[in-house]
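Given next are the chains, with one letter for each unit.
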Amino acid sequence: QVQLVESGGGLVQAGESLRLSCAASGRTDRIYSTGWFRQGPGKEREFVAATRWSDSTATYYADSVKGRFTISTDAAKNMAYLQMNSLKPEDTAVYYCAVGRSSYGKTWYAYDYWGQGTQVTVSS
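Definitions and cut-offs
Residues numbered from 1 in each chain as written. Predicted model: local features only at pLDDT ≥ 70, side-chain atom pairs only at ≥ 80, totals over all residues. Heavy atoms only, no water. Helix = DSSP H or I, 4+ residues; strand = E, 2+ residues; numbered from the N terminus. Rg over C-alpha atoms; globule rule 2.2 N^0.38 Å. Buried < 20%, exposed > 50% of the residue type's maximum accessible area, 1.4 Å probe, protein only. Contact = heavy atoms within 4.5 Å. Areas by Shrake-Rupley, 256 points an atom, 1.4 Å probe, with all protein chains shown as cover. Core = buried A, V, L, I, M, F, W, Y, C linked by side-chain atoms within 4.5 Å. Pairing = 2+ DSSP bridges.

### Looking at the overall build of the protein
Summing up its helical and strand segments, the protein has 0 helices and 11 strands in all. Taken from N to C terminus, the helices and strands of the protein fall in the order β-β-β-β-β-β-β-β-β-β-β. Expected size for 124 residues packed as a compact globule is a radius of gyration near 14 Å; at 13 Å, the protein falls within 12% of this value. Seen through its principal axes, the protein has C-alpha atoms that stretch 40 × 25 × 25 Å. Within the protein, the proportion of its 124 residues that are buried is 44%. Taking all contacts inside the protein whose residues are at least 6 apart in sequence as the whole, residues at least 24 apart take part in 57%. Accessible surface, the protein as shown: approximately 6200 Å² in total, 46% of it carbon and sulfur.

Now the structure itself:
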């Protein structure tokens, strides 16, 4: 089992930045990948970014965040991060960290463990 705890969410104004963190514990030796997803009000959960856990290579981003968000990991510290710059009101959502044992990608079912989420609210 792997436990994930997100932090770093909050209320910001449009154009500002936030850095989300995801702390992993438990059987972290089994982690192969990590992804961030989000769910806005009245919307379905959507993919944001993904990368390999060990070295943050082979990253993928949703078109809506490309160039503004950066996903990274520090496997030695069992941490994943999502740096979010130039935030927009449409980025308002609960952000979830997820990790996978053997796969990764843009779909939620590629991941085996999920955190509880952290709220990000961007005001205009």
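Read on, since the account is not over.
### Some points on the nonpolar core
Core analysis: the biggest nonpolar cluster contains 35 residues, and Leu4, Trp36, Val48, Phe69, Leu82, Met84 and Tyr95 have the highest contact counts within it. Those elements giving two or more residues to this core turn out to be β1 (2-7), β3 (18-26), β4 (33-39), β5 (46-52), β7 (69-74), β8 (79-84), β9 (93-100) and β11 (118-123). Among the elements that make up this core, the one with the highest residue count is β9 (5 residues).

### Things to note about the pairing of β7
Alternating residues of β7 divide into Phe69, Ile71 and Thr73, all buried, and Thr70, Ser72 and Asp74, none buried. Between the antiparallel neighbours β7 and β8 lie 4 residues, among them Asn78 with a positive phi of about 60°.

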